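Descriptive analysis of the structure
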Amino acid sequence: MTQDIHPVLLCGGSGTRLWPLSRKSYPKQFVNLIGDESLYQASARRLSGAGFAAPMIVTASDFRFIVIEQLAALEMAPADILIEPAAKNTAAAICAAALALEARAPGALMLVAPSDHVIPNAAAFRAAVQAATPAALDGQLVTFGIRPDRAETGYGWLELSEATEDFAPVAQPLKSFVEKPDAAKAEALLSDGVHLWNAGIFLFTTTTILDAFAKHAPEVLEATQTAFAASERDLAFTRLGPEAWDTLPDISIDYAVMEHADNLSVVPYAGAWSDLGDWQAVWREADADATGTVTAGPTTALDCEGTLLQATNDAQELVGIGLKDIIAVAMPDAVLVAHKDRAQEVKEAVATLKRKSVPQAETLPRDYRPWGWFESLVIGPRFQVKRITVHPGAALSLQSHHHRSEHWIVVEGTAKVTIDDTVQLVGENASVYIPLGAVHRMENPGKVPLTLIEVQTGSYLDEDDIIRYEDIYARGQGAKG
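For clarity, every value in this text was computed on a predicted model and none was experimentally measured. (Residues numbered from 1 in each chain as written. Predicted model: local features only at pLDDT ≥ 70, side-chain atom pairs only at ≥ 80, totals over all residues. Heavy atoms only, no water.)

Quick word on the packing of helix H3 (residues 89-104) against helix H7 (residues 218-229)
Put simply, H3 and H7 touch, their axes get as near as 9 Å, and they point 55° apart. It follows that H3 is oblique to H7 by the angle criterion. As for how H3 packs across H7, the hand of that crossing is right-handed. Two secondary-structure elements touch here, H3 through Ala91, Ala92, Cys95, Ala96, Leu99, Ala100 and Ala103 and H7 through Val220, Leu221, Thr224, Gln225 and Phe228. Classifying every residue of the contact of H3 with H7 gives 10 nonpolar, 2 polar and no charged. (Axes fitted to C-alpha atoms, helices over the stretch in contact; angles between N-to-C directions. Helix = DSSP H or I, 4+ residues; strand = E, 2+ residues; numbered from the N terminus. Parallel < 35°, antiparallel > 145°, perpendicular 65-115°, else oblique. Left-handed = near helix turned anticlockwise from the far one by under 90°. Contact = heavy atoms within 4.5 Å. Nonpolar A, V, L, I, M, F, W, Y, C, P; charged D, E, K, R; others polar.)

Below, the structure written as structure tokens:
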């Protein structure tokens, strides 16, 4: 009987190089950058089917409902969702996943993959994973290397034990890891036939990787074991213990384990792959016209060459004239214009915006919640106007506010509204007023999304003015809980 492979999807990254579309509040793995599915959804679908168990997800608390909702849209359910108390890089995340999987399936095969990669030929990649299975079952730490097609300085590289011409998916000993090279060294790596890009994808058994942690990074293993032992179930999630987790070093799996291990194998993969690490990578993966220009959303390109124009708001047209090798991304609250060769520096721009306390650095205009989403349309002194969408069957928490009153106008669907001891249905084109201090809740009892306009008035309108009394999502107090 063939042993199932257990995918582990890492979903904690912030994707700042794809700002402004990707931000800390809603990073790139959840965005539809290529095709009709998010990168996370495409990753989950790619690692499913015959021979694959339900995926385990490792993510941050703010994303816990997003990962469930996007999987549900694929009619998939996770085996578990581990909540990291804080981002501690890949070593801690993989160690925690290995401990969780070992607890329910000792010695199981686990395939660790980032959730934001693009691999168009899913069948070919699954075949490469299956080809790696015997080596993993034999106690090897298997990594996957991508056949390079350019002298890339933004990736780490892997050195094969011998040259390969066809890059067939056959496991062979891994000779060494190579740090991100400069341009000259990258050209040499590309031409020598023994180097691959490091994809950051791994296959091993729980026994093998936990033994490797014990040997090469015992401090990571010990703290993660303590955090896992102190974990708590919260609805469908496993929250790792924060006290021990805070003591973990911020270190990658490569530095903590892989570069010290002597049981390493690599499987070449010759198909297309991208980590979509910056806007130049998005341009490279998209369908360009004869001039090498890519347009997405409400855009117009005139006499442009090698350029990416991307816009997200139908009420806003992005026009490029005579542009060459330019990235232009327009959102309602932020615009990025950069030369393609400077795409890696977007991360530095985000850091600068953060130092200036610019909210656009990390926060999108649209705020996603487990019940749906909202966006601010107008903000003024002592008032704010929002558009709110509530999923069918979803409900906001039973709550009150110290500093604001609210007026809800339903524009689509039907709302079930609780105000103190009164419960009523509010249909389209009808409205209801929630006085300051009233205990209230909004629910969508219907089968279609509920859309309403909310007008807030008061002396303080920020999202942390929420007192929760009941919440089906167990979020606790605070802006998001």
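Having put the structure on the table, let's press on.
Describing the UniProt feature "domain: Mannose-6-phosphate isomerase type II C-terminal" (unreviewed entry) in the chain
Using the residue numbers shown here, the UniProt feature "domain: Mannose-6-phosphate isomerase type II C-terminal" (unreviewed entry) corresponds to residues 366-471. Each end of residues 366-471 is marked by a C-alpha atom, and these two atoms are 21 Å apart; helix forms 0% of the span and strand 60%. (UniProt positions renumbered as here; feature names shortened; annotations may be inferred.)

Considering the side chain of Thr206
For Thr206, the location among the structural elements is in helix H6 (residues 206-216). Within polar-contact distance, the side chain of Thr206 engages the backbone nitrogen of Gly107 at 3.0 Å. Those residues in contact with Thr206, other than ones at most four positions away along the chain, are Ala98, Leu101, Glu102, Ala105, Pro106, Gly107, Ala108 and Met110. (Polar contact = N/O pair within 3.5 Å; in protein donor to acceptor, adjacent residues only side chain to side chain.)

Observations regarding the pairing of strand E16 (residues 326-331)
Burial analysis of E16 places 6 of its 6 residues in the buried class, which makes it a mostly covered element. Residue alternation in E16 divides its side chains into two sets, Ile326, Ala328 and Ala330 and Ile327, Val329 and Met331, and both sets are buried. Sheet topology note: the strand E14 (residues 308-311)/E16 ladder contains 4 bridges and is parallel. Among the inter-strand pairings, Ala311 is bridged to a residue of E16, identified as Ala330. Where E16 meets strand E17 (residues 334-339), 6 bridges bridge the pair, whose relative direction is antiparallel. The residue bridging Met331 from the neighbouring strand is Ala334, located in E17. Counting the residues that bridge the hairpin from E16 to E17 gives 2 residues. (Buried < 20%, exposed > 50% of the residue type's maximum accessible area, 1.4 Å probe, protein only. Pairing = 2+ DSSP bridges.)

Things to note about the sheet that holds strand E27 (residues 450-458)
Read across the sheet, 6 strands follow the order E18-E19-E20-E27-E22-E25 without closing on themselves; strand pairing throughout is antiparallel. Taken across any chain shown, the strands that pair with only one partner, and hence form the sheet edges, are strand E18 (366-369) and strand E25 (431-434). Each strand axis lies, on average, 20° off the axis of its neighbour in the sheet, ignoring direction. Sheet topology note: the strand E22 (residues 404-412)/E25 ladder contains 4 bridges and is antiparallel. Looking at the pairing, Glu406 lines up with Ile434 of E25.

Regarding the pattern of salt bridges
Overall, the coordinates contain 19 salt bridges when judged by the stated rule. Of the charged contacts in the structure, one is a salt bridge between Glu37 and Arg45, with a shortest N-O distance of 2.6 Å. Glu463 is the partner of Arg369 in a salt bridge, and the nearest nitrogen-oxygen pair spans 3.9 Å. Linking Arg369 in strand E18 with Glu463 in the loop between E27 and strand E28 (467-470), this pair joins segments that are 94 residues apart in sequence. Given the relative accessible area of 8%, Arg369 is considered buried. The structure contains a network of salt bridges with shared partners spanning Asp367, Arg369, Lys386 and Glu463. (Salt bridge = Lys/Arg side-chain N within 4 Å of Asp/Glu carboxyl O.)

What about empty space enclosed by the protein?
Per the counting criterion, the structure on display carries 3 cavities of 30 Å³ or more. Reported here for the largest cavity is a volume of approximately 190 Å³. For the largest cavity, the lining is made up of 21 residues, of which Trp371, Leu396, Gln399, Glu463 and Ile466 are closest to its centre. Those elements that place two or more of their residues in the lining of the largest cavity are strand E20 (383-390), E22, strand E26 (440-443) and E27. Partitioning the lining of the largest cavity into residue classes produces 7 nonpolar, 5 polar and 9 charged. (1 Å grid on protein atoms, 1.4 Å probe; cavity = no way out; pocket = protein on both sides within 12 Å on 5 of 7 lines; lining within 4 Å. Points joined across faces, edges and corners; volume = space filled by probe spheres on them.)

With respect to unusual backbone geometry
In this structure, Pro20 follows Trp19 across a cis peptide bond, with omega equal to 5°. Inspection of the secondary structure assignment puts Pro20 in the loop between strand E1 (5-11) and helix H1 (39-46). In this structure, Ser357 is a non-glycine residue whose phi angle is positive, near 60°. You can see Ser357 is positioned in the loop between helix H11 (346-355) and E18.

Observations regarding the sheet that holds E16
Here 4 strands make up an open sheet; going across it, the order is E12-E14-E16-E17 and the pairing mixed. Two strands bound the open sheet, and with one partner strand each, they are strand E12 (294-296) and E17. Adjacent strand axes in the sheet meet at a mean angle of 5°, parallel and antiparallel pairs treated alike.

Observations regarding the UniProt feature "domain: Nucleotidyl transferase" (unreviewed entry) in the chain
Mapped onto this numbering, the UniProt entry gives "domain: Nucleotidyl transferase" (unreviewed entry) at residues 7-289. Counting secondary structure, residues 7-289 comes out at 34% helix and 22% strand; the distance between its end C-alpha atoms is 36 Å.

Thoughts on the domain arrangement of the chain
Split by domain assignment, the chain resolves into domain 1 (6-269), domain 2 (279-355) and domain 3 (366-470). Taken over C-alpha atoms, the centre of domain 1 sits 29 Å from the centre of domain 2. In this assembly, domain 1 packs against domain 2 so that about 1500 Å² is buried in total across both faces, 66% of it on carbon and sulfur atoms. When the area that domain 1 buries against domain 2 is broken down by residue, the three leading residues are Arg17, Trp19 and Leu21, summing to 43%. One salt bridge connects Arg23 with Asp333, and the closest N-O pair in it is separated by 2.8 Å. (Domains from an automatic or database assignment. Buried area = accessible area lost by both parts, 1.4 Å probe.)

A short note on the state of the cysteines
Covalent bonding between the sulfur atoms of two cysteines is what defines a disulfide. Per the stated rule, a full pass over the model turns up 0 disulfides. Free cysteine: Cys11, not disulfide-bonded; nearest cysteine sulfur from Cys95 at 19 Å. By relative accessible area, Cys11 is classed as buried at 0%. (Disulfide = S-S within 2.5 Å.)

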